[in-house]
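What follows is each chain in one-letter form.
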Amino acid sequence: MTQALESFITIKSKRRTLMAFNFKEVKALFLDQFAISIDQAVLYEEAFTHSSYYNEHRSEFDKYNERIEFLGDAVLELVVSEYLFAHYPQLSEGELSRMRALIVREESLAQFCQDCHFNQYVRLGTGEEASGGRQRPALLCDLFEAVIGALYLDLGKDAIIHFMNQTIYPKIKRGAFDQLVDAKTALQEELQKSGRVQISYQLVGEEGPAHNRRFKVAVQVNGQTIGQGQGRTKKLAEQAAASQALQALQV
């Protein structure tokens, strides 16, 4: 077999593994579930393409969802802030901030993503797919923000509000995020029931590009690690670590 023929077969094989983005299915999802008629396919193709897939198919296209996720993160924080400000006039700035943090944290956004079935349509690389990336909270959080970014660029802020009214805002109304005593405070109160303890939070790792860092924090009591957590900021990672420690204490 000649080298040219081998190269041709390799290229054909690679193209057979390329998973086409099915915009018709995503469009039907938005129309059926949210009564939203999305339009610009290229935006959603970008939003539903993970970096792992892009890295395996660089010659086929030049975009994945990191940049549009950056925009969606900002849009999401804005509309959640506006909603809380309008509907909770009795809360202080600190209480509003804590409630917003609960809503936009990684765990919450990952669950929203699954509730909306977005994880069924994301394009993943072979390794990411095999390792369970379609269920990984950090990936789902980024995917949800990327879809918000695409929807914003496609149809504007009114469409975002319409989407939120059917997905996240009802959960807020039902009190799903009324945990105004943060996890760090709750953990401190729980541990100090049995006497004075020394609680500390240690940064044990970080990853990702500068604009999208992921921090890993361990919470220690008298030098012993009792919980770990991750988040987009050190404060959110500390809250996640405290939450995990609380769950462990309750088992």
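Residues numbered from 1 in each chain as written. Predicted model: local features only at pLDDT ≥ 70, side-chain atom pairs only at ≥ 80, totals over all residues. Heavy atoms only, no water.

Labelled according to an unreviewed UniProt entry, the protein chain appears under the name Ribonuclease 3, originating from Aerococcus urinaehominis. A UniProt comment under Cofactor (unreviewed entry) is attached to the protein chain, and it reads "Mg(2+)". Looking at the Subunit (unreviewed entry) heading of the UniProt record, one finds this comment for the protein chain: "Homodimer." (UniProt positions renumbered as here; feature names shortened; annotations may be inferred.)

Give a description of the nonpolar core that names residues and reports values.
Judged by nonpolar contacts, the single largest core of 52 residues is most densely connected at Ile103, Phe118, Phe144 and Phe163. Of all the secondary structure elements, the ones that give two or more residues to this core are helix H2 (23-34), helix H3 (41-47), helix H5 (66-87), helix H6 (93-104), helix H7 (106-115), helix H9 (137-155), helix H10 (157-166) and helix H11 (169-173). The biggest single contributor to this core is H9, with 10 residues. Here Ile103 is in contact with Val80, Leu84, Ser108, Leu109, Phe112, Ile168, Ile172 and Phe177, once residues within four sequence places are set aside. The next biggest cluster of nonpolar side chains, apart from the first, holds 13 residues, and it includes Ala183, Leu191, Val217 and Val219. (Core = buried A, V, L, I, M, F, W, Y, C linked by side-chain atoms within 4.5 Å. Buried < 20%, exposed > 50% of the residue type's maximum accessible area, 1.4 Å probe, protein only. Helix = DSSP H or I, 4+ residues; strand = E, 2+ residues; numbered from the N terminus. Contact = heavy atoms within 4.5 Å.)

Quick one: what's the story with the pairing of strand S2 (residues 214-221), residue by residue and with numbers?
The side chains of a regular strand alternate, first on one face of the sheet and then on the other. Counting buried positions along S2 gives seven out of eight residues, so the element sits mostly inside the fold. Where strand S1 (residues 199-207) lies against S2, eight bridges are found, and the strand directions are antiparallel. Its bridge partner lying in S2, Leu203 is registered against Val217. Counting the residues between successive antiparallel strands, the hairpin from S1 to S2 contains six residues, one of them, Gly208, with a positive phi of roughly 95 degrees. (Pairing = 2+ DSSP bridges.)

Quick one: what's the story with the side chain of Thr167, residue by residue and with numbers?
By secondary structure assignment, the location of Thr167 is in the loop between H10 and H11. Here Phe163 takes part through its backbone oxygen, which lies 2.8 Å from a polar atom of the side chain of Thr167. Other than its neighbours up to four places away in sequence, Thr167 contacts Phe34 and Cys116. (Polar contact = N/O pair within 3.5 Å; in protein donor to acceptor, adjacent residues only side chain to side chain.)

Before we move on, could you go through the environment of Lys24 and cite the residues and values that matter?
Among the secondary structure elements, Lys24 is positioned in helix H2. Judged by its relative accessible area of 72%, Lys24 is exposed. Sequence-wise, Lys24 and Ala41 are 17 residues apart; in three dimensions their C-alpha atoms are separated by 8.8 Å.

Give me the lowdown on the UniProt feature "active site" (unreviewed entry) in the protein chain, citing residues and values where you can.
Here, UniProt's "active site" (unreviewed entry) annotation points to Asp73 and Glu145. On the basis of their most widely separated C-alpha atoms, the annotated residues across 73 residues gather in one place, lying no more than 5.3 Å apart. Those annotated residues that line the largest pocket are Asp73. What makes Asp73 partly exposed here is its relative accessible area of 25%. For Asp73, the residues in contact, after removing those within four places along its chain, are Glu145 and Arg232. Of note, Glu145 is situated in helix H9. Relative accessible area serves as the criterion here: at 0%, Glu145 is assigned to the buried category. In this structure Glu145 touches Ile68, Glu69, Gly72, Asp73, Leu76, Leu109 and Arg232, once residues within four positions along its chain are discounted. (1 Å grid on protein atoms, 1.4 Å probe; cavity = no way out; pocket = protein on both sides within 12 Å on 5 of 7 lines; lining within 4 Å.)

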